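Summary of structural features
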Amino acid sequence: MNEKRLCGLMGLCVRARQATFGMDGCLQAIRTEKAGVVLLDGEASEGTRQKYEAACEHHGIPLVILPQGLLQEATGRSGVAMAVAPGGLADQIRSLSGL
């Protein structure tokens with residue numbers, strides 16, 4: 001995984017308003033299938049990770065576990081998850097992640 005390129009794409013998602021943050025927002029995007037990919041920070045607790053894994057698996061949305069701290073470094077926002085809207089940016093993130 002090319003972390004520098006991934007950081008750039010994540011920042012671009014935020015600037016393009018293609019990103020959703022927060023537990024409620026991300027889970028809502030997953031449930032309504034308005035997420036093309038979900039990014040989860042490596043510092044997320046085991047319970048949080050299981051919740052996202054179950055939701056993403058149920059709805060067929062790819063989940064990418066990021067190295068610890070990469071989400072905040074790339075977006076400037078604290079939190080453990082980011083849902084990216086379907087489209088070109090989500091496709092590029094998936095391909096960079098090997099999905």
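Placed above this text is the structure.
Computed from a predicted structure; not experimentally measured. (Residues numbered from 1 in each chain as written. Predicted model: local features only at pLDDT ≥ 70, side-chain atom pairs only at ≥ 80, totals over all residues. Heavy atoms only, no water.)

Our focus in this paragraph is the environment of Ile93. Position of Ile93 among the secondary structure elements: in helix α5 (residues 88–97). The exposure class assigned to Ile93 is buried, which follows from its relative accessible area of 0%. When the C-alpha atoms of Ile93 and Val64 are compared, they prove to be 9.1 Å apart, with 29 residues separating the residues in sequence. Ignoring sequence-local partners within four residues, the contact set of Ile93 consists of Leu6, Leu9, Cys13, Val37, Leu39 and Val84. (Helix = DSSP H or I, 4+ residues; strand = E, 2+ residues; numbered from the N terminus. Buried < 20%, exposed > 50% of the residue type's maximum accessible area, 1.4 Å probe, protein only. Contact = heavy atoms within 4.5 Å.)

A few words now on the nonpolar core. Among the nonpolar cores identified, the biggest contains 19 residues, and Met10, Val37, Leu39, Leu66, Met82, Val84 and Ile93 are the most heavily contacted of them. For this core, the secondary structure elements donating two or more residues are α1 (3–15), β2 (37–41), β3 (63–66), α4 (70–75), β4 (81–84) and α5. Examining the composition of this core, we find that six residues originate from one element, α1, more than from any other. Judged by nonpolar contacts, the second largest core, of 14 residues, contains Leu27, Ala44, Ala55 and Ala83. (Core = buried A, V, L, I, M, F, W, Y, C linked by side-chain atoms within 4.5 Å.)

The subject of this paragraph is the sheet that holds β3. Pairing within the open sheet is mixed, and its four strands lie in the order β1-β4-β2-β3. The open sheet has two edge strands with one neighbour each: β1 (19–21) and β3. Strand after strand, the sheet turns through a mean of 25° between neighbouring axes, direction not considered. Here β2 pairs with β4 via four bridges, running antiparallel. By the bridge assignment, Val38 is partnered in β4 with Ala83. Contacting β2, β3 and β4, α5 crosses the sheet at an angle of about 55° to β2. (Pairing = 2+ DSSP bridges. Axes fitted to C-alpha atoms, helices over the stretch in contact; angles between N-to-C directions.)

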